[in-house]
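Observations on chain architecture
This is what each chain is made of:
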Amino acid sequence: MTRKKTRRKHWPLVNPVRMAILGAAPASNDLLDEIRLRNLSAVEAFAKGVATPADWRTVADYLNVAKTMARGGIGPEVLEPCRKVQEALGEAHRRYKQMGRLGLTGPEIQALRELHEYHDLQIQSVTRSEFERWIDKTAARIRSAHPDCKVVV
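Below or above, wherever it landed, is the structure these notes cover.

Details of the side chain of T138
With respect to the helices and strands, T138 occurs in helix α6 (residues 128–143). Leave out the neighbours within four places in its chain, and T138 touches N64, V65 and T68.

Structural data, given as structure tokens:
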């Protein structure tokens, strides 16, 4: 009978110092540009009247993250545009069920643009790791069906 031999696997290690620096640094411009582009394209789709359910979902996602951050003390002035945009998304969903098209009115689009500006400032004011923590917290609130994070399907 032979003895069992331990076979260790050698995994490539991550540079912990680099990871700590990246986590403590503000969000990189590449990340911010990608987020801005996705959010602004959704806003413009609503402004032009060619929004899709994916655009609706994008706006709902950054609305929920902005609201969670505001309730956590980062930019509490964003709560009023959040309320307006949440009402606008509810109305857009209702109209989508009736007519099959997503659209917003002029004041609703203006509230959407305000929300984007405030949320962009929120993202710039925190570190990358803290922003990721806020995203995780928002996802947990959505999964737990928290009354603040309304998801209309």
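Some remarks on the layout of surface pockets
If you add up the space inside the largest pocket, you get close to 300 Å³. Taken together, 16 residues make up the lining of the largest pocket; nearest its centre are R38, D61, Y62, V65 and I135. Breaking the lining of the largest pocket down by element, the ones donating at least two residues are α2 (29–48), α3 (53–71) and α6. Of the residues that constitute the lining of the largest pocket, the class distribution is eight nonpolar, five polar and three charged.

Some thoughts on a nonpolar patch on the surface
Together, V14, M19 and L22 line one region of the surface with nonpolar side chains, adding up to about 270 Å² of accessible area. Tracing the chain through its elements places V14 in the segment before α1 (16–24). Given a relative accessible area of 60%, V14 falls into the exposed group.

With respect to the pattern of salt bridges
Per the counting criterion, the structure on display carries 11 salt bridges. The salt bridge partner of R36 is D33, with a shortest N-O separation of 3.1 Å. Taken as a pair, R36 and D33 lie in helix α2 at a separation of three residues, close to a single helical turn. Between E108 and R95 there is a salt bridge whose closest N-O contact spans 3.5 Å. Of the two residues, E108 sits in helix α5 (residues 106–124) while R95 sits in helix α4 (residues 79–99), which places them 13 residues apart along the sequence. The pair formed by E108 and R95 is uniform in burial state, with each residue classed as buried. Members of the salt-bridge network, linked through shared partners, are D33, R36 and D120.

Cut-offs and rules
Residues numbered from 1 in each chain as written. Predicted model: local features only at pLDDT ≥ 70, side-chain atom pairs only at ≥ 80, totals over all residues. Heavy atoms only, no water. Helix = DSSP H or I, 4+ residues; strand = E, 2+ residues; numbered from the N terminus. Contact = heavy atoms within 4.5 Å. 1 Å grid on protein atoms, 1.4 Å probe; cavity = no way out; pocket = protein on both sides within 12 Å on 5 of 7 lines; lining within 4 Å. Points joined across faces, edges and corners; volume = space filled by probe spheres on them. Nonpolar A, V, L, I, M, F, W, Y, C, P; charged D, E, K, R; others polar. Patch = residues over 30% accessible without salt bridge, like charges linked within 9 Å, V, L, I, M, F, W, Y side chains within 5 Å. Areas by Shrake-Rupley, 256 points an atom, 1.4 Å probe, with all protein chains shown as cover. Salt bridge = Lys/Arg side-chain N within 4 Å of Asp/Glu carboxyl O. Buried < 20%, exposed > 50% of the residue type's maximum accessible area, 1.4 Å probe, protein only.

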